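Residues per chain, in single letters:
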Amino acid sequence: MKTIWRNIFVMCVALLSLASCSSDDDYKFDASKLEGKWRKALRSGLMDGETVIYTFYPENWYSGRIEQQVSLWPDEGWTTTDLNYRVGETGHMNIFTGRTYNGESKIYLEVDIHKLTGSEMVWYKTDSSEEIASFTKEK
């Protein structure tokens, strides 16, 4: 009988040690995946002649700088805006203007990143299932 209880105890300890092997980093959003140029995809059915490109320059896993380039159709030149971003562990991202007001940057845009692969990124309105924009990564 002692052997049975000892075996049960050993199995419980083994299960608990396996359960504690999970790392908190598994759930952390990695902003380094944002690095590079992302072109905003045109939505079907919309007559939007604007071309928008976001170039992300991560500084660490949760923040960095963005260079936003906008060109109105038909090719009227490019307007460049410097922005900053912070992204949380869940993919919630705040984009800030480079200008400061009362010592703080102003929020330019707030989105949730729902999909981020090596070639595609999709932004949703915060706490919503409404898609704001999708992007394809330029090589």
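Everything below is about the structure shown above.
Let us look at the structure shown here. The structure presented is a predicted model; accordingly, all values stated were derived computationally and were not measured. (Residues numbered from 1 in each chain as written. Predicted model: local features only at pLDDT ≥ 70, side-chain atom pairs only at ≥ 80, totals over all residues. Heavy atoms only, no water.)

Side note on the pattern of salt bridges
Side chains carrying opposite charge are able to pair once their charged atoms draw close together.
Here is step 1: All told, the structure shown has 4 salt bridges when counted by the stated rule.
Here is step 2: A salt bridge links Asp82 to Arg65; the shortest N-O distance between them is 3.6 Å. Of this pair, Asp82 sits in strand β4 (residues 78–87) while Arg65 sits in strand β3 (residues 63–71); the two residues are 17 residues apart in sequence, bridging distant segments of the chain.
Here is step 3: When its relative accessible area of 30% is taken as the criterion, Arg65 is described as partly exposed. (Salt bridge = Lys/Arg side-chain N within 4 Å of Asp/Glu carboxyl O. Helix = DSSP H or I, 4+ residues; strand = E, 2+ residues; numbered from the N terminus. Buried < 20%, exposed > 50% of the residue type's maximum accessible area, 1.4 Å probe, protein only.)

Remarks on the packing of aromatic side chains
Any aromatic ring pair is given by two values, namely how distant the centres are and how the planes are angled relative to each other.
Here is step 1: Across all of its chains, the model carries 6 aromatic pairs by this definition.
Here is step 2: Considering the side-chain rings of Trp61 and Tyr62, the 5.2 Å spacing of their centres and the 70° angle between planes classify their relative orientation as edge-to-face.
Here is step 3: Relative accessible area serves as the criterion here: at 29%, Trp61 is assigned to the partly exposed category.
Here is step 4: When the centroid spacing of 4.6 Å and the interplanar angle of 55° are considered together, the rings of Trp123 and Phe135 count as tilted. On the criterion of sequence distance, the pair formed by Trp123 in strand β7 (residues 120–125) and Phe135 in strand β8 (residues 131–137) is long-range, its members being 12 residues apart.
Here is step 5: Relative accessible area serves as the criterion here: at 1%, Phe135 is assigned to the buried category.
Here is step 6: By way of ring pairs, the aromatic residues Tyr54, Phe56, Tyr85, Trp123 and Phe135 are connected into one cluster. (Phe/Tyr/Trp six-rings, centres within 6.5 Å; stacked < 30°, edge-to-face > 60°.)

Everything listed here is a matter of geometry and, on its own, says nothing about what the molecule does.
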